[in-house]
Amino acid sequence: MPENPAPASQAPATNTPQPVSPQAPASTPGQPTAQTPKAPEAATPAGSTPSAAPQLPQPIPLPGSAAAKGDRPIANPLPQPATTTEPAANVDPARFGGRPPDAAYGAYQRGLYKTAYNLALERANKGDAPAQTLVAEILARGLGMPANAAEAAKWYQRAAEQGVPEAQFQYALILIDGRQVKKDEKKAQVLLQAAAEAGNPLAQFNLAQLLIQKDPGEAGLARAAIYYQKAAESGLADAQYAMAQIYANGAGGKTKDDNEARRFLVLAAQQNYDTAQLDLGQWLIDGRGGKRDLRSGFNWTKRAAEGGNVAAQNRLAKLYVGGIGVDGDLVSAAAWFIVARRAGLADPQMDDFMQGLDEEQTKKALQKANRLP
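Criteria and cut-off values
Residues numbered from 1 in each chain as written. Predicted model: local features only at pLDDT ≥ 70, side-chain atom pairs only at ≥ 80, totals over all residues. Heavy atoms only, no water. Helix = DSSP H or I, 4+ residues; strand = E, 2+ residues; numbered from the N terminus. Buried < 20%, exposed > 50% of the residue type's maximum accessible area, 1.4 Å probe, protein only. Areas by Shrake-Rupley, 256 points an atom, 1.4 Å probe, with all protein chains shown as cover. Polar contact = N/O pair within 3.5 Å; in protein donor to acceptor, adjacent residues only side chain to side chain. pLDDT = per-residue confidence, 0-100. Contact = heavy atoms within 4.5 Å. Axes fitted to C-alpha atoms, helices over the stretch in contact; angles between N-to-C directions. Parallel < 35°, antiparallel > 145°, perpendicular 65-115°, else oblique. Left-handed = near helix turned anticlockwise from the far one by under 90°. Nonpolar A, V, L, I, M, F, W, Y, C, P; charged D, E, K, R; others polar. Expected span 1.5 Å × (residues − 1). Salt bridge = Lys/Arg side-chain N within 4 Å of Asp/Glu carboxyl O. Core = buried A, V, L, I, M, F, W, Y, C linked by side-chain atoms within 4.5 Å.

### Quick word on the overall build of the chain
Helix and strand counts for the chain stand at 16 helices and 0 strands. Evaluated residue by residue, the chain yields a buried proportion of 54% over its 373 residues. Roughly 15000 Å² of accessible area belongs to the chain as shown, and the carbon and sulfur atoms make up 51% of that amount.

Okay, here's the thing in C-alpha cells:
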C-alpha cells in the first residue's frame, strides 16, 4: 500500500471540491471550475499571487492503478487537485464562520473586492471572526489589491483562534508550510482535526494525508481512511479517488471490494478528476468491479486524454491501435502518441509502432497531432 494520494489544498478554499466539490480537481490532473466575477476595482498586479500551499509527500502507484502500468511520464502518479479556483459568485457564508459579514460579504459576492476588504477590515479589527476570515481570503488571493500572504496569515490565525473551520484549515496549511509563520505540524494537526470534525472536507482530506505521513503503515492508513471517507461522502473528488484505491487494494481496514472501488472511481471521474477517468476507462475495458464496457472505457480514456492527462493520451493511442472500444485508426493512434511524447512520455512499444508507419501516415498523424488539445 502506498503512502497517500495527492493533497487537496487551497489558498484559500473555495466552494468547489479538488478537490471539485466542495473545491474544484487537477491537475492535473481537471474539472470545471467556478468562474470568478470580474472585479471592477483594482486588478491584481502581475506576479502578486499568494504563497503556494504546502505539499505533502507524493505516493507511489498502487498495484492495478493506471499509474502502475508504466505510461505516466513523471514520478508523481496522481494529479494535483484543482483546488485553487477563484471565489464563485455564490459562496456559502458558512465558510466565513456562520453569518455573512454584512455589507462586506455582499460586496465580495459582487466582485467588489476592495470595497469588501475595507468594510470587513473595520469589523475584523473589532474581533469579528467572519470578517477576519474574509479579510484573510482577500489578502491571500490578492483580490482587488496586491496579495499579502504574511498579513493574510495573521488574520487567518485570529479567526482560527475563534473557531472558524475555514480559517482553521487555512492556518493549518500555513503552519505546515512554515514560510509565513514558524513551522508547527503538531499545532497544524490540532487545527486540521478541529476543522475536519466541523465538517470541512478539505481539512478531512489533508488530515488523512498528515496521518499517513506520520504513520505510513496500515494503522495510519486505517485512521486516515475514516477522514478520506468523510471527505469522499461530501463530494471531494480527491477523497473519492483515495477511497477507490483503498477498496481496490483492501487497505485501511477495508475489505477488498472492486464494486465499491469502481463506484468511487465513477464519482471522481464524473467530476473530471482525470486520473480517475483513466483508471475507470481501464476497469471498464477489463470488466473489473462490474460489467465490461469497451465503448465506455474508450470514452473515459479519451475524456482524460483530451483534458491533458499524458498517460491517458498514450493509453488512448493503444486503444486506437487495437481497435478497442473504437474502430482501429493508426493515424489517430500515432497522433495521440505524438502528443504524449511531446509531453515527455517514453514508450518503446509505441516507438516501434511509429517506425512501422509509412510516410503518408506519419504526415497525417503529425498534422492531426498539431490540432489535438
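### Re the side chain of N309
For N309, the position within the fold is in the loop between α12 (294-306) and α13 (310-322). At a separation of 2.9 Å, a polar atom in the side chain of N309 contacts the main-chain amide nitrogen of A312.

### Description of the confidence of the model for the chain
On average, the chain scores 81 in pLDDT, and the residues at 70 or more come to 73%. Low pLDDT (under 50) marks residues 1-7, which in the prediction has 43 contacts with non-local residues, meaning those over four places away or in another chain. This stretch, residues 9-89, has a pLDDT under 50; its non-local contacts, to residues over four places away or in other chains, come to 283 contacts.

### What about the packing of helix α5 (residues 165-177) against helix α6 (residues 185-197)?
Across the interface, α5 lies against α6 with an axial gap of 8 Å and an inter-helix angle of 155°. Regarding the angle of α5 to α6, the classification is roughly antiparallel. For α5 against α6, the interelement crossing comes out left-handed. Contact residues: α5 offers P165, Q168, F169, Y171, A172, L175 and I176, while α6 offers K187, A188, L191, L192, A194 and A195.

### Details of the packing of helix α3 (residues 129-141) against helix α4 (residues 149-161)
In the contact formed by α3 and α4, the axes pass within 8 Å of each other and the chain directions differ by 155°. Classified by the angle their axes make, α3 and α4 are roughly antiparallel. Considering the relative orientation of α3 and α4, their crossing is left-handed. Touching A129, Q132, T133, V135, A136, E137, L139 and A140 of α3 are E151, A152, W155, Y156, R158 and A159, all from α4. Per-class residue counts for the contact of α3 with α4 are 9 nonpolar, 2 polar and 3 charged.

### Re α5
Spanning 13 residues, α5 covers 18 Å between terminal C-alpha atoms, matching the ideal 18 Å at 1.5 Å per step. Listing the buried residues of α5 in full gives E166, A167, Q168, F169, Q170, Y171, A172, L173, I174, L175 and I176. Buried residues belonging to α5 abut α3, α4, α6 and α7 (201-214). Taken from the residues just after α5, G178 is the one with a positive phi, measuring 75°.

### Some details on the pattern of salt bridges
Within this structure, the stated rule accounts for 14 salt bridges. For D128, the salt bridge is made with R123, and the minimal N-O distance between the two is 3.2 Å. The shortest N-O distance in the salt bridge between E306 and K302 comes to 2.5 Å. Here E306 pairs with K302, and both are found in helix α12, just 4 residues apart, close to one helical turn. Given the relative accessible area of 25%, K302 is considered partly exposed.

### Side note on the environment of E197
Within the secondary structure, E197 is located in helix α6. The spatial distance from the C-alpha of E197 to the C-alpha of Y227 is 9.2 Å, given a sequence separation of 30 residues. Residues contacting E197, with those up to four places away along its chain left out, are Y227 and K230. At a separation of 2.7 Å, a polar atom in the side chain of E197 contacts the side chain of Y227.

### A closer look at the nonpolar core
Residues I138, Y156, Y171, L192 and Y228 are the most contacted members of the largest nonpolar core, which totals 76 residues. Looking at this core element by element, the count peaks at 9 residues for helix α9 (residues 237-249). Sequence-distant contacts of L192, defined by excluding residues within four places in its chain, comprise F169, A172, I176, A203, N206, L207 and L210. Counting residues in each nonpolar core, the second largest holds 29 residues, with A312, V326, V339 and A369 among its members.

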